Amino acid sequence: MSWTVSEHSFEPERITTNGNKYMTGNGYMGCRGTLEEFGKEQLAAVTLAGLYDKAGDKWREPVNAPNALFTVINCDGQDLSVLAAEPAAHTQSLELRQAVHRRETVFGIRDGGQLTYTAERFVSMDQLHVLAGRFTLHSTVDCRIVIRTGIDSEVWDINGPHLSGQQSRMREEVLLATAVTGELQLPVAVAEQADFGFGRQEIDAERALRTVSFDAKAGETYEWYKYAAVFTGLDSGEEPEECALRAVRAAADAGYSELLEAHSRIWEERWLRSDVRIEGDDKAQSALRYSIYQLLIIAPTESEKVSIPARGLSGQVYKGAVFWDTEMFMLPFFLHSDPATARNLMMYRIHTLDGARRKAAEYGYLGAFYAWESQDSGDDACTLFNVNDVFTGRPMRTYFRDKQVHISADVVHGIWQYLQFTGDDAILAEGGAEVIYECARFFYSYAYYNPVKQRYEILDVTGPDEYHERVNNNAFTNALVHETLEIALKAAALLEDKYPAVYAELASQFSGGPFLAEFKEMLEHFYVPQPDPDTLIIEQFDRYYQLEEVTLAELKSRIINKHEYLGGGSGLATTTRILKQADVVLMLNLFKGKFSKEVKQANWEFYEPRTEHGSSLSPCIYALVAADIGSPDWGYPYFMRTATVDLTGEAKQYVGDLYIGGTHPAANGGAWMAAVLGFAGLHFDGGIAALNPALPESWQSVELPVRLRGSSFRLQISRGRVTVTAAEDNSGAVLFAGFGGEPELCRPGAQLQFTAPAREAAEQMLNNMKGAIFDLDGVIVDTAKYHYLAWRALAAELGFEFTEAHNERLKGVSRMRSLDILLEIGGREFSDEEKHAMAEKKNRLYVEYISRLDQSELLPGVKDYLHRLRGRGVAIALGSASKNAEFILDKLNIAGLFDAVIDGNKVSRAKPDPEVFLAAGAALGLQPQDCIVFEDAEAGVAAGKAAGMPVVGIGKPEILQEADLVIAGLHEL
Ligand code: IFM
């Protein structure tokens, strides 16, 4: 189930969203998830990576190729398009394992007949220029079919047209559409070949269209194939038309099955090195896998001249430009799973260094100031007026281009990360070092030496929080500039040692300075904002605290137009402390080793309510830091929001009439980071791979492959244990450390296991126990929901609301005491007699619910664990406040596994009184210290401890703090 994304109806209002959601691609091109009959109005597009064009004085943007998958079915004179005729049934799906897009549509036709149309397609991962499709038609009545299929040259453009001189023709049964881009006059060629084993075919060469007509017989299935190839003048010295012709004929000769098989083999291998398995949470699993899929279809595996645009290959939004999103949000996924692609991404920055130099010079600085919106040349595509004011329609001056100087530090961070992960220091010699020095030189020239404070400062910048432009000493920016200077010095030492000739050349290139001596001096006097000693908060930038304190809700209530921009000169957020996206918290994540848990927590709690998450880059960072401070459940909603953004389409799609939708690769990468670097707790610093998991409540375990320093490992991570298995054919070894313990070297073929210290002690205790005493609700079975429903019904009868939050207070508490709490919440008083009647009533309601219980409601792992305990000769008792315990055990068919049952009928004092557990221990004939209590409620944990028994808490560690060990459920044992 988690390998397929699908929907089973056609909703016209989801055409655009689904175009993103059902994307296929291979890094060379992206094919939007539109249906075969769609055209440019429905934003059908095949977007080409790295080919840009500028039409007139409009923005430069990527070029969309003519669409060779275009197909319309006509039945008895009527076009069968979901746009024209409401289908009787419709399914659109994406098979993630093989990256295959499918649709099946049933149309009602004459005489009550039905025509089923299926189309399946893929963008070949094996032949990067090739797309292939398989189609079928099946009618329940005889009918006349005309299929129009070919190359649709009417491409969707935001700021086009980009193709001129369009020509279509037929060559040796291949349809060809060629054109040239406007600005660079680069040729683009698309070839299509179809394989119909039936019908009469007519060719309209001028429109690159073939028409196939035939009389369909009722009950027969008609099947055909389409092959397409796309080439441009960027690909090789050869004529794109000839390449496309050759490629499409080779594809048709190989046939659909062979192409699909080769494509699937590569996908299988891609998944093998990148799939992350989550046990216990199907929704998270599906969303994470889908996020990884999105990254895989846009990865530039074969080219170091392109990187990944902010909207991937889903169209022309954001000018198809590459932002810091790549280094900070996507690179970690590739570093851990596909270092060769990570290298390509970094090489792209090396190839665009000249553009960055030009930008620095344009602003009067030294070195390299990378483009905020980078395309093929590295010149900045970002305009000075990037947003239109919705009230006046006038362009607004924004400072993304001029002031987000952190981009140069982000690039340096990325290159250094690549080097740490792979050990591939050749990248320094191949231009990486030059980039690092040029960025450091840029910052040297950008910095301001404050003679009063005697320190270097970074003034007049925009940090990640774009709502506050032109601020001084943004903590994030300063921390990254500091890192750039450090990296410049480290890179020099490495280069001098391993690549002395390259070092000598660069040293001479920069001999006029600023160079290493200046970087060192700047570093020694460089200012990075630090936590306030009292509050532990790091001020986002100078005078941030002077801004208006306002809640997010209050700020939102001031919005007049839902598309108005909240930042800029006069935006609503500009004068307040509301941030667009994670800023200080992102810095804490990048430099997690430098800050204490207390600092991270204080800043998370301070900035979280002030963050709008107006960018899809934001929520994952809050998930990461929540996991880092040991509160994964705070982070879980942020993870899910990030991981589902392209599934739900719940992100801004339009600003005014401008389409800004598309896929969100940074969020896709963020979802991976939150799951692996956050919850699974993996942190590799180039030396030691530390594993400190903090799994959300619903996750039992995570399993994933990683590649570190050229070696492959498989990680199996659960709350208390981590297993690392090294591939047999690894050539090197890596140090791993679990749960803050001593690092151990994982050699080829070896397996290491790390157990959490608390877990280790607890396991010993579990091994030695003679008696196990289980609470019922929340440990054996979840009847808590039925209690809640029964209490809620009683409260409703009494005329007040009883919420799930109220219900928390009832956990582990006796029936009569629960009633008292409930009445206290409702502000009602009753006589003892009335209360008894009410308690009886609640119980009747509850018994009605639970009389339907059966084995399937046993919590995971319960039966297995009880059997194992019996096998070991451990005595088992139930210690529960429930008066229906025996009845429930019977219903669950596990009564025979218990030696004693002490329930609410046998004791009078409620937990946290230890009576129930002492009685259970005595019934087993054991001393308290020989028994272990299994409890899910705070009061129950306290009762177990008061009885002098070790306690295993089942639930959240932050709530069950007194327990000796906290697990998510008995399945963990
Ligand atoms: O890079 C981001 C930026 O941080 C917020 N606005 C959108 C850009 C592209 O994703």
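Everything here concerns the structure above.
Now for a quick tour of the structure.

Calculation notes
- Residues numbered from 1 in each chain as written.
- Predicted model: local features only at pLDDT ≥ 70, side-chain atom pairs only at ≥ 80, totals over all residues.
- Heavy atoms only, no water.
- Pairing = 2+ DSSP bridges.
- Helix = DSSP H or I, 4+ residues; strand = E, 2+ residues; numbered from the N terminus.
- Axes fitted to C-alpha atoms, helices over the stretch in contact; angles between N-to-C directions.
- Salt bridge = Lys/Arg side-chain N within 4 Å of Asp/Glu carboxyl O.
- Buried < 20%, exposed > 50% of the residue type's maximum accessible area, 1.4 Å probe, protein only.
- Near = heavy atom within 4 Å.
- Polar contact = N/O pair within 3.5 Å; in protein donor to acceptor, adjacent residues only side chain to side chain.
- Areas by Shrake-Rupley, 256 points an atom, 1.4 Å probe, with all protein chains shown as cover.
- Contact = heavy atoms within 4.5 Å.
- Phe/Tyr/Trp six-rings, centres within 6.5 Å; stacked < 30°, edge-to-face > 60°.
- Lys NZ or Arg CZ within 6 Å of the ring centre and 35° of its normal.
- Expected span 1.5 Å × (residues − 1).
- Bend = angle between axes of the 7 residues up to and from the residue.

### With respect to the sheet that holds strand E1 (residues 4–7)
Thinking step 1. Sheet architecture is open: nine strands sit in the order E1-E8-E9-E10-E11-E18-E15-E14-E13, paired in antiparallel fashion. Of all the strands in the sheet, just E1 and strand E13 (163–171) have a single pairing partner and so form its edges. Neighbour-to-neighbour, the strand axes of this sheet turn through a mean angle of 15°, independent of strand direction.

### Structural notes on the pattern of salt bridges
Thinking step 1. Taken as a whole, this structure holds 68 salt bridges when the rule is applied.
Thinking step 2. Residues Glu 241 and Arg 169 are paired through a salt bridge, measuring 2.5 Å at the closest nitrogen-oxygen approach. With Glu 241 in helix H2 (residues 240–254) and Arg 169 in strand E13, this residue pair connects regions lying 72 residues apart in the sequence.
Thinking step 3. Look at Glu 241 and you get buried, because its relative accessible area is 13%.
Thinking step 4. Each of Asp 354, Arg 357, Glu 434, Glu 438 and Arg 441 takes part in salt bridges that share partners, so that together they form one network.

### As for the site of the ligand
Thinking step 1. Within the structure, the ligand sits among Ala 310, Tyr 318, Phe 323, Trp 324, Asp 325, Trp 372, Glu 466, Lys 580, Gln 581, Ser 615 and Leu 617.
Thinking step 2. The contact in question runs from an oxygen atom of the ligand to an N or O atom on the side chain of Trp 324, over 2.9 Å.
Thinking step 3. With respect to the ligand, the side chain of Asp 325 contributes an N or O atom lying 2.5 Å from an oxygen atom.
Thinking step 4. For the ligand, whose free accessible area comes to 280 Å², the fraction covered by protein is 93%.

### Notes on the side chain of Thr 178
Thinking step 1. By the element assignment, Thr 178 lies in strand E14 (residues 174–181).
Thinking step 2. Its relative accessible area of 13% is what places Thr 178 among the buried residues.
Thinking step 3. One polar contact links Thr 178 to Arg 169, side chain to side chain, over a distance of 3.3 Å.
Thinking step 4. Excluding its chain neighbours within four sequence positions, the residues that come into contact with Thr 178 are Gly 165, Gln 166, Gln 167, Arg 169, Val 188, Ala 189 and Glu 241.

### So, the packing of aromatic side chains
Thinking step 1. For the structure on display, the rule yields 54 aromatic pairs.
Thinking step 2. The interplanar angle of 40° and the centroid separation of 6.1 Å between the aromatic rings of Trp 267 and Trp 271 together place this pair among those described as tilted. With Trp 267 and Trp 271 both in helix H3 (residues 256–272) and four residues apart, the pair spans about one turn of that helix. Each of the two residues, Trp 267 as well as Trp 271, counts as buried.
Thinking step 3. Taking the centre distance of 5.6 Å and the plane angle of 35° together, the rings of Phe 510 and Phe 515 count as tilted.
Thinking step 4. Residue classification places Phe 510 among the buried positions, given a relative accessible area of 3%.
Thinking step 5. Joined through ring pairs, the aromatic side chains of Phe 135, Phe 196, Phe 198, Phe 214, Tyr 222 and Trp 224 make up one cluster.
Thinking step 6. Positioned above the aromatic ring of Trp 3 is the side chain of Arg 289, whose terminal nitrogen or guanidinium carbon lies 3.8 Å from the ring centre.

### Some points on helix H5 (residues 325–337)
Thinking step 1. Taking 1.5 Å as the rise per residue, H5 with 13 residues should run 18 Å; its terminal C-alpha atoms sit 18 Å apart, in good agreement.
Thinking step 2. Of all the bends in H5, the greatest reaches close to 55° and is centred on Leu 331; the proline Pro 332 follows between one and four positions later.
Thinking step 3. With 13 of 13 residues buried, H5 lies mostly within the body of the structure.

### Regarding the pairing of strand E15 (residues 187–196)
Along any regular strand, the residues point their side chains to alternate faces of the sheet.
Thinking step 1. Among the 10 residues that make up E15, eight are buried, leaving the element largely enclosed by the rest of the structure.
Thinking step 2. As paired strands, E14 and E15 are joined by six bridges and run antiparallel to one another. Note that in E15 the partner of Ala 179 across the bridge is Val 188.

### Some thoughts on the environment of His 138
Thinking step 1. In this fold, His 138 is placed in strand E11 (residues 130–139).
Thinking step 2. Through-space distance from the C-alpha of His 138 to that of Tyr 222 is 6.5 Å; in sequence the pair is 84 residues apart.
Thinking step 3. Leave out the neighbours within four places in its chain, and His 138 touches Gln 114, Leu 115, Thr 116, Gly 219, Glu 220 and Thr 221.
Thinking step 4. Polar side-chain contacts of His 138 include one of 2.9 Å to the side chain of Thr 221.

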